[in-house]
Amino acid sequence: MLRSLLIGVCFTLLASPLAHANALNKFSELKNAGILVVDTQGRRLLSDNRNRAFIPASTTKIVTAWLALNRWGEQHRFNTDFYYDQQQAKLWVKGSGDPFLVSEELSSIALQLQQRGISHVATLALDTSAFTAGLVLPGTSKTNNPYDAVPSALAANFNTVNLRTVNGRIRSAETQTPLTPIAKSLARGFKKKKIRVNTGRDPKVAERYFGELFLALLKKQGVTHDNRIVFEQSPAKAPFYQHKNSKTLGDMIRPMMKYSTNFIANQLALIMTAEHLGRPASVRDVQQYMEGTLKANFNWENITFKEGAGLSRSNRISPVQLVELLERFRQWRHLLPEVEKGVFAKSGTLKKVSTLAGYIVDGGQWKPFALMMNQSVPYKLRNRIAKELRQTL
């Protein structure tokens, strides 16, 4: 059925020979794939297996982005609260899960605290109670690659470190990021001259790295410290300083989509979950929040989301559901990257999983589509199909 449908589309809509529809013909031979393309009025232009649930891989990030944007809006900024006891010279940092506390942002915070009169920190207390302890979301591999960085309530530089060796000595590969003891230890055993790695499977290591880096950046602003880091809940009072990230939610989602940053997506899922449930976010809570919110908004059945980045092979959604979500994502479509001329979309890749979802744009019309292939396919087949769909539809 699908083969005849696709070939029929090519004959009907292509002015050029059928040879130009090679990618569509290749797709028609697949046994575990689905597709749906609709026009701006929601009428089906091409459809097969649209109701079958597939593994979405990183097209999950569109779902997470919609949940976040629908909850907070594109201009939302995440807060990080700071408390200071002058008598004890004790500074608390209450983590909210802000995914974009990069070195430049932390340097700005250090300057703000110095300008507000903090000159010495005897103890830096990290409040990481926003997420449950030891949190590792489903699908996260045990590699040291940046894309396998685990979430944490306090996170610096996406829980990664960028290192290089100079004359046999380890250095930071970023001028804005001082080298800390944990960062230095992560380079041991590597022979490459430059490497970016994650901070490991234990979120506590990532959070301690945050503390080390923040103390080093305070020192650069003239704030002395005793190099003492503890984990402790912050006082129940108004913060000494509340920092709003310089980046908006939209600013964060755009690179998340372009570079498929798993860390940002899962941080967003955890922050939403903790805020909604009013308790430290857990693995089970994330699934409960994502599935419950989607079912409440779309009346969907037969969906599964165990995390927000698309790492888990247990995640499931159908092409028709993904397209329905894209219909409501239209106001934020500018946050998607242009993967081919006139194709603004998010791709997804796992072993034997290749997906692509977004909009085919022609003449000012943005046509939502979802392409989901859960089997081995040629490299970039999804992009070639999208290009041919734009030519034919």
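Treat the numbers as computed from the prediction; the structure is a model and nothing was measured.

## Re helix α9 (residues 283–298)
Note on helix geometry: an α-helix contains 3.6 residues per turn, so any two residues three or four positions apart are oriented the same way. Compared with an ideal rise of 1.5 Å per residue, which puts 16 residues at 22 Å, α9 spans 23 Å between its outermost C-alpha atoms and is within 8% of the ideal. If you check which residues of α9 are buried, you get Asp285, Val286, Tyr289, Met290, Glu291, Thr293, Leu294 and Phe298. Looking one or two residues beyond α9, the residue adopting positive phi is asparagine 299, at roughly 60°.

## What about the packing of aromatic side chains?
Evaluation of the coordinates by the stated rule reveals twelve aromatic pairs. Relative to phenylalanine 78, the ring of tryptophan 72 has its centre 5.1 Å away and its plane inclined at 90°; by these criteria the two rings are edge-to-face. By the burial criterion, tryptophan 72 is buried, and phenylalanine 78 matches it. A ring pair is formed by phenylalanine 329 and tryptophan 332, whose centres lie 6.0 Å apart and whose planes are at 65°; its orientation type is edge-to-face. Residue classification places phenylalanine 329 among the buried positions, given a relative accessible area of 0%. You can call tryptophan 332 buried: its relative accessible area is 7%. Among the aromatic side chains, those forming a connected cluster through ring pairs are Phe82, Phe210, Phe214 and Tyr241. The ring of phenylalanine 231 carries the charged tip of lysine 204 above its face, separated from the ring centre by 4.5 Å. Directly above the aromatic system of tryptophan 366 lies the positively charged group of arginine 333, at a separation of 4.7 Å from the ring centroid.

## Examining the packing of α9 against helix α10 (residues 319–328)
With their axes 12 Å apart at the nearest point, α9 and α10 run at an angle of 75° to one another. The pairing of α9 with α10 is recorded here as roughly perpendicular in orientation. Between α9 and α10, the residues in contact are Leu294, Asn297 and Phe298 and Glu324, Leu325 and Arg328, respectively. A breakdown of the residues in the contact of α9 with α10 according to their chemical character gives three nonpolar, one polar and two charged.

## Here we look at the packing of helix α3 (residues 60–72) against α9
With their axes 11 Å apart at the nearest point, α3 and α9 run at an angle of 70° to one another. It follows that α3 is roughly perpendicular to α9 by the angle criterion. On α9, the residues that touch Val63, Thr64, Trp66, Leu67, Asn70 and Arg71 of α3 are Tyr289, Met290, Thr293, Leu294, Asn297 and Phe298. Considering only residue class, the contact of α3 with α9 consists of seven nonpolar, four polar and one charged.

## A few points about the sheet that holds strand β14 (residues 343–350)
Here six strands make up an open sheet; going across it, the order is β2-β1-β16-β15-β14-β13 and the pairing antiparallel. Looking along the sheet, the strands with just one partner apiece sit at the ends: β2 (44–48) and β13 (338–340). On average, each strand axis in the sheet is tilted by 20° relative to the strand beside it, whichever way the strands run. Across nine bridges, strand β15 (residues 353–362) lies against strand β16 (residues 365–373) in antiparallel orientation. Bridge pairing in β16 places aspartate 362 opposite glutamine 365.

## Some points on the pattern of salt bridges
Enumeration over the complete set of coordinates arrives at seven salt bridges. The residue aspartate 39 makes a salt bridge to arginine 43 at a minimum N-O spacing of 2.7 Å. Overall, the relative accessible area of 9% leaves aspartate 39 in the buried class. On the basis of relative accessible area, arginine 43 is assigned to the exposed category, the value being 51%.

## Some details on the pairing of strand β12 (residues 241–244)
Taking every second residue as pointing to the same face, the buried face of β12 carries Tyr241 and His243, while none of Gln242 and Lys244 on the other face is buried. Pairing between strand β3 (residues 79–85) and β12: four bridges, direction antiparallel. Note that in β12 the partner of threonine 80 across the bridge is histidine 243.

## Regarding the environment of isoleucine 170
Structurally, the position occupied by isoleucine 170 is in strand β8 (residues 169–172). The spatial distance from the C-alpha of isoleucine 170 to the C-alpha of alanine 183 is 9.4 Å, given a sequence separation of 13 residues.

## Some remarks on the sheet that holds β8
Within the open sheet, the three strands sit side by side as β8-β7-β9. Their pairing is antiparallel. At either end of the open sheet lies a strand with only one pairing partner, and these are β8 and β9 (194–198). Averaged over all adjacent pairs, the angle separating strand axes in this sheet is 35°, with direction ignored. Here four bridges tie strand β7 (residues 160–166) to β8, and the two strands are oriented antiparallel to one another. Bridge assignment links leucine 163 to a residue of β8, and that residue is serine 172.

What counts and how
- Residues numbered from 1 in each chain as written.
- Predicted model: local features only at pLDDT ≥ 70, side-chain atom pairs only at ≥ 80, totals over all residues.
- Heavy atoms only, no water.
- Helix = DSSP H or I, 4+ residues; strand = E, 2+ residues; numbered from the N terminus.
- Expected span 1.5 Å × (residues − 1).
- Buried < 20%, exposed > 50% of the residue type's maximum accessible area, 1.4 Å probe, protein only.
- Phe/Tyr/Trp six-rings, centres within 6.5 Å; stacked < 30°, edge-to-face > 60°.
- Lys NZ or Arg CZ within 6 Å of the ring centre and 35° of its normal.
- Axes fitted to C-alpha atoms, helices over the stretch in contact; angles between N-to-C directions.
- Parallel < 35°, antiparallel > 145°, perpendicular 65-115°, else oblique.
- Contact = heavy atoms within 4.5 Å.
- Nonpolar A, V, L, I, M, F, W, Y, C, P; charged D, E, K, R; others polar.
- Pairing = 2+ DSSP bridges.
- Salt bridge = Lys/Arg side-chain N within 4 Å of Asp/Glu carboxyl O.

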